[in-house]
Amino acid sequence: MITTPSDPKTYRQDLKRALQNQFLGATLDTFSTAYKASRAKAFEGMDLDALIAEIAEGKDGSIPHLEELFAVFKARAEGSGVKVHVAQTAGEANGIIAEIARANGVKTIVKGKSMTAEETFLNDHLEKEGFVVTETDLGEWIIQLRHEGPSHMVMPAIHLSRGQVAELFTKVTGQHQDPEDINGMVKVARKQLRQTFLEADMGITGANFAIAETGTIGIVTNEGNGRLVTTLPRVHVALVGFDKLLPDLKSALRILRVLPRNATGQLISTYVTWITGATPCTTGPNGRKEMHIVFLDNGRLALARDPLFSQALRCIRCGACANVCPIYKLVGGHNYGHVYIGAIGLILTYFYHGRENARAIVRNCLNCQACKAVCPTGIDLPHLIKEVYRSVLQVEGDKPLKNRLLSRVLRDRKLFHFLLRRASLAQKPVSDGPYLRHLPFLFAQEHNFRRLPTVAATPLRDRWNRIAPRPEKVRHRVALFAGCLVDFVYPEQAEALLRLLKEHAVQIDFPPDQSCCGLPAQMMGEKETAQEVAIQNLKAMDPARYDYVLTLCASCGSHLKENYPKLLAGTPGLQVQAQQMASKVIDFSSFMIDVLQIPSGEVAGDALTRKVAYHAPCHLCRGLKVTRAPRELLERAGLEYLPSKDEDVCCGFGGSFSIDFPELSAELLSRKLANAEATGADTLVTDCPGCVLQLRGGMEKRLGKRLKVRHIAEVIAASRAPSPKK
Amino acid sequence: MDEQDRIKLLKEKAEAVQTLVADITTLRQAFDYAIEVTKRQGGTTIAAPSLGMEERTLLGELCRKAEITLLTEDLRGQAGSIHAGLTLGDWGIAETATLVLESTSEDQRIATMLSETHVAVLPKSRIKSDLMELESELSASMHAAPRYLAFISGASRTADIERVLTIGVHGPQELHLLILDDEAA
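Below you will find a few notes about this structure. It should be emphasised that the depicted structure is a prediction, and the values quoted were computed from it without experimental measurement.

Residues and elements named next belong to chain A. Of all hydrophobic cores here, the largest spans 152 residues; its most connected members are Leu256, Trp274 and Phe295. The greatest single-element share of this core, amounting to 8 residues, is contributed by helix H12 (residues 249-264). No fewer than three residues from each of domain 1 (8-38 + 319-396) and domain 2 (64-160 + 201-301) sit in this core. By size, the runner-up hydrophobic cluster in this structure holds 99 residues, among which are Val455, Val506, Met592 and Phe653.

Time to look at the sheet that holds strand S1 (residues 20-24) of chain B. Residue and element names in this part refer to chain B. One open sheet accounts for 6 strands, arranged S1-S12-S7-S4-S2-S3; its pairing is parallel. Both edges of this open sheet fall to S1 and strand S3 (69-71), since each of them pairs with a single strand only. Averaged over all pairs of adjacent strands, the angle between strand axes in this sheet comes to 20°, irrespective of strand direction. In this sheet, strand S7 (residues 117-123) lies alongside strand S4 (residues 84-88) in parallel orientation, the contact comprising 5 bridges. Bridging from a neighbouring strand, leucine 86 pairs with valine 119 of S7.

Let us look at the pairing of strand S20 (residues 708-711) of chain A. Residue and element names in this part refer to chain A. Where strand S19 (residues 683-686) lies against S20, 4 bridges are found, and the strand directions are parallel. Across the sheet, threonine 686 pairs through a bridge with histidine 711, a residue of S20. For the crossover that starts at S19, traverses helix H34 (residues 689-700) and ends in the parallel S20, the hand is right-handed.

Turning next to the interface of chain B and chain A. In this complex, chain B contributes 49 residues to the contact, which on the side of chain A involves 69 residues. Both faces combined, the contact of chain B with chain A buries some 5,100 Å², and carbon together with sulfur accounts for 60% of it. For the interface between chain B and chain A, the tally reads 4 salt bridges. Close ionic contact of glutamate 116 of chain B with arginine 190 of chain A constitutes a salt bridge, the shortest N to O distance being 3.1 Å. Applying the counting criterion to the chain B and chain A interface returns 29 residue pairs in polar contact (both at pLDDT 80 or more).

Counted by the stated rule, this structure contains 15 aromatic pairs over all chains. For the pair phenylalanine 73 of chain A and phenylalanine 295 of chain A, a centre-to-centre distance of 5.1 Å together with 75° between the ring planes defines the contact as edge-to-face. Here the residue phenylalanine 73 of chain A occupies a position in helix H4 (residues 66-79), and phenylalanine 295 of chain A occupies one in strand S10 (residues 290-296), the gap between them amounting to 222 residues. When its relative accessible area of 0% is taken as the criterion, phenylalanine 295 of chain A is described as buried. With centroids separated by 5.6 Å and ring planes inclined at 80°, the aromatic side chains of tyrosine 548 of chain A and phenylalanine 591 of chain A adopt a geometry described as edge-to-face. With tyrosine 548 of chain A in strand S15 (residues 548-551) and phenylalanine 591 of chain A in helix H29 (residues 588-595), this pair connects stretches of sequence that are 43 residues apart. Classification of phenylalanine 591 of chain A as buried rests on a relative accessible area of 0%. Three or more aromatic residues joined by ring pairs make a cluster, and in this case those are Phe70, Phe73, Phe242 and Phe295 of chain A. Over the aromatic face of tyrosine 352 of chain A sits the side chain of arginine 300 of chain A, whose NZ or CZ is 4.4 Å from the ring centroid. We note arginine 109 of chain B situated over the ring of tyrosine 148 of chain B; from NZ or CZ to the ring centre the distance is 4.2 Å.

The rules behind each value
Residues numbered from 1 in each chain as written. Chains lettered and ligands numbered in written order. Predicted model: local features only at pLDDT ≥ 70, side-chain atom pairs only at ≥ 80, totals over all residues. Heavy atoms only, no water. Core = buried A, V, L, I, M, F, W, Y, C linked by side-chain atoms within 4.5 Å. Buried < 20%, exposed > 50% of the residue type's maximum accessible area, 1.4 Å probe, protein only. Helix = DSSP H or I, 4+ residues; strand = E, 2+ residues; numbered from the N terminus. Domains from an automatic or database assignment. Pairing = 2+ DSSP bridges. Axes fitted to C-alpha atoms, helices over the stretch in contact; angles between N-to-C directions. Right-handed = clockwise from strand over helix to strand, strands pointing away. Contact = heavy atoms within 4.5 Å. Buried area = accessible area lost by both parts, 1.4 Å probe. Salt bridge = Lys/Arg side-chain N within 4 Å of Asp/Glu carboxyl O. Polar contact = N/O pair within 3.5 Å; in protein donor to acceptor, adjacent residues only side chain to side chain. Phe/Tyr/Trp six-rings, centres within 6.5 Å; stacked < 30°, edge-to-face > 60°. Lys NZ or Arg CZ within 6 Å of the ring centre and 35° of its normal.

This is the structure in structure tokens:
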């Protein structure tokens with residue numbers, strides 16, 4: 001039986017334990033790297049974005065009509081000898097299936113892999129009712145024998161080592177199994193299960209597709225067990241979620257082109273089985289299969305009517321959102337979901353398995369957008385995760401103190417900035433150069449994996465009039481959106497920018513009423529605060545007055561561009577302004593390369609920076625989809641750019657994430673720094689002050705040779721003028 | 001994409017999933033091939049449930065000479081003793097090296113699921129370049145229920161133990177595609 005802690009503290013203990021599992025950490029890391037390469041190869045030459053858009057559109061077209069599609073499916077399937085059932089709940093589905101088994105005198109059951117059956121805990125129910133159930137997918141069989149749930153939607157036993165499997169199979173067969181002989185162990189399953197298949201009375205499968213037009217189900221498998229389960233026993237029951245209904249074959253084939261490629265990097269799975277009607281079966285009644293299809297609702301039909309969350313029903317269960325998730329990679333599926341795993345698991349758990357199971361795990365998201373970037377149906381996973389978190393907080397009504405404080409402070413810019421200025425004074429006795437000597441009171445010892453910077457003595461806003469360029473000729477009118485970190489912690493990053501802009505006829509303004517972008521509020525599920533802050537910023541900075549809204553912070557940039565239009569959608573007037581703002585947001589590197597088109601040789605790194613490793617901030621490479629400009633800029637500056645492993649994997653900052661899950665944040669940071677060090681670079685460059693905070697603070701704590709960590713604007717500007725003191 | 005390109009692509013993609021491909025010009029060659037593979041692997045039976053009368057007779061003679069038992073019906077009762085399954089493919093899909101096999105007959109399914117080696121004949125003219133090109137044919141077939149349609153792309157495989165790719169977990173351990181030059185014949 002699967003248990004998932006509802007209490008964040010217990011959950012954190014589980015996570016800490018998982019981090020100690022070295023096999024898991026290594027195996028999932030290798031997997032993630034291999035997956036990315038094979039996926040890229042599988043999609044070579046295909047217009048993936050267009051495919052995703054097409055599938056999303058198709059799914060969105062059928063989701064509002066699931067009940068009508070069901071009616072068509074039912075009529076077709078019944079016309080060809082299939083009995084079709086509807087189960088409103090998981091319990092009802094299990095009951096219907098047990099009843100079918102009883103009515104047909106079934107004793108033994110073989111199962112193909114089905115996440116829907118995992119969702120309803122079907123095996124537990126059937127076993128309680130006295131049936132002998134055998135999972136036949138190798139991974140599912142292994143975890144069934146171990147009495148565990150799957151740790152991945154496609155590879156259910158990925159958390160286990162060959163040694164653990166050998167030990168298990170030794171017990172099952174009574175014969176010693178060599179852990180190095182994986183082929184031998186696979187043949188154990190072939191031999192053991194072959195007889196079970198031949199003797200079974202009933203087969204149970206899920207389905208990847210339910211095609212209304214013809215009443216066909218489609219099943220995607222690799223091992224061939226799905227074919228045996230649907231062929232050998234005289235009874236076949238398919239348990240299918242309502243979300244699998246599609247109008248026609250074309251819709252199914254479109255998904256099939258993408259599903260295996262995105263799931264495992266295969267062009268197609270070894271077997272795809274299409275069953276229409278009760279097919280011949282010599283042991284069945286009248287020579288035909290006793291065939292049943294049970295459609296499971298369990299919240300799906302209500303979900304289909306939800307204006308926001310309905311897109312979760314687009315999911316085709318490829319598992320990719322787990323494959324690329326930096327957190328999944330550290331702690332595995334048993335700690336990253338309930339039954340459904342990965343980003344989609346955090347969302348579906350809330351709807352299919354309830355708030356208690358979702359409330360702790362749903363906080364565990366970096367908002368790094370890696371999942372969103374690989375989702376084959378274009379589900380905005382990080383956004384939905386935050387919305388689930390928000391729903392949990394709203395329903396429970398008892399918000400954490402930090403949420404209440406943050407909301408209170410962020411809504412009032414003057415109070416917020418007053419507090420920051422006070423912090424700058426208060427920290428004096430505890431500061432050690434640019435770092436705090438001790439962690440502030442909000443932090444515990446486990447947050448001590450990185451040094452925290454001090455708040456600048458003079459924020460950028462107070463320096464602005466002194467340092468702002470006043471060009472005679474103006475080619476570009478630009479507003480700087482500084483963000484809290486550049487304004488109050490790293491104003492030198494903006495100063496570097498200004499030095500670079502000097503000779504380029506750029507009129508750059510610092511609209512003084514600008515505040516925090518609001519992303520921290522959004523991250524903590526405080527949508528209303530995020531909305532309020534967004535409105536304040538739109539008032540402070542009328543996008544119509546500028547050609548560009550430039551930011552040195554990838555997180556602010558992607559929040560302005562991506563989330564403002566969503567936050568203010570439907571708000572008269574502001575919706576338009578938010579869209580205008582979004583279309584004018586630009587990051588530093590793109591501004592230098594695409595707008596100013598600075599030539600090679602005009603900029604140059606300083607003498608101390610020659611070889612650079614680069615960290616691609618999540619919100620730049622995925623949020624703003626900028627990947628070429630920063631690398632090109634480094635090259636034009638004559639720097640030797642040394643690519644590193646997992647360059648675009650999150651550094652572990654994630655704003656408040658690093659406070660809520662310090663152990664995960666520390667581990668991601670440590671891996672990131674090790675990868676950068678392995679390149680032999682002298683400097684680690686990035687283009688987000690949040691990443692700078694994390695990386696620089698972590699580097700300070702690291703033993704041995706330390707790389708310099710700098711914002712790309714600083715590196716590029718360094719040779720042009722000496723950096724003024726704070 | 002012309003026929004030559006489609007065949008070239010199919011062969012290339014077949015190699016990537018360990019499917020063995022050979023060119024043939026007559027069905028007789030396919031029979032010889034299946035017998036040869038069976039003997040080489042130490043097998044003694046071939047199941048070929050979907051052949052026409054004439055072909056069945058020819059294969060039967062060839063098998064007798066080679067001391068191989070030809071199974072053509074009631075395969076469920078002989079499920080444990082099928083070495084090779086020989087089938088005539090309905091369509092091929094080049095981009096994924098997929099064999100599309102009409103498998104509504106239970107014997108056809110058992111021959112291709114419970115055998116150690118699956119040998120399939122695929123006429124050149126039936127090879128499409130991609131999945132979407134087969135839509136109307138597949139749809140027509142599904143409209144004629146009951147139907148059991150199988151896409152087969154390579155041998156049965158798993159990566160469930162430490163992600164190590166392993167062939168032959170539940171289905172055949174080898175898939176052979178024999179591309180029949182049906183226009184020349």
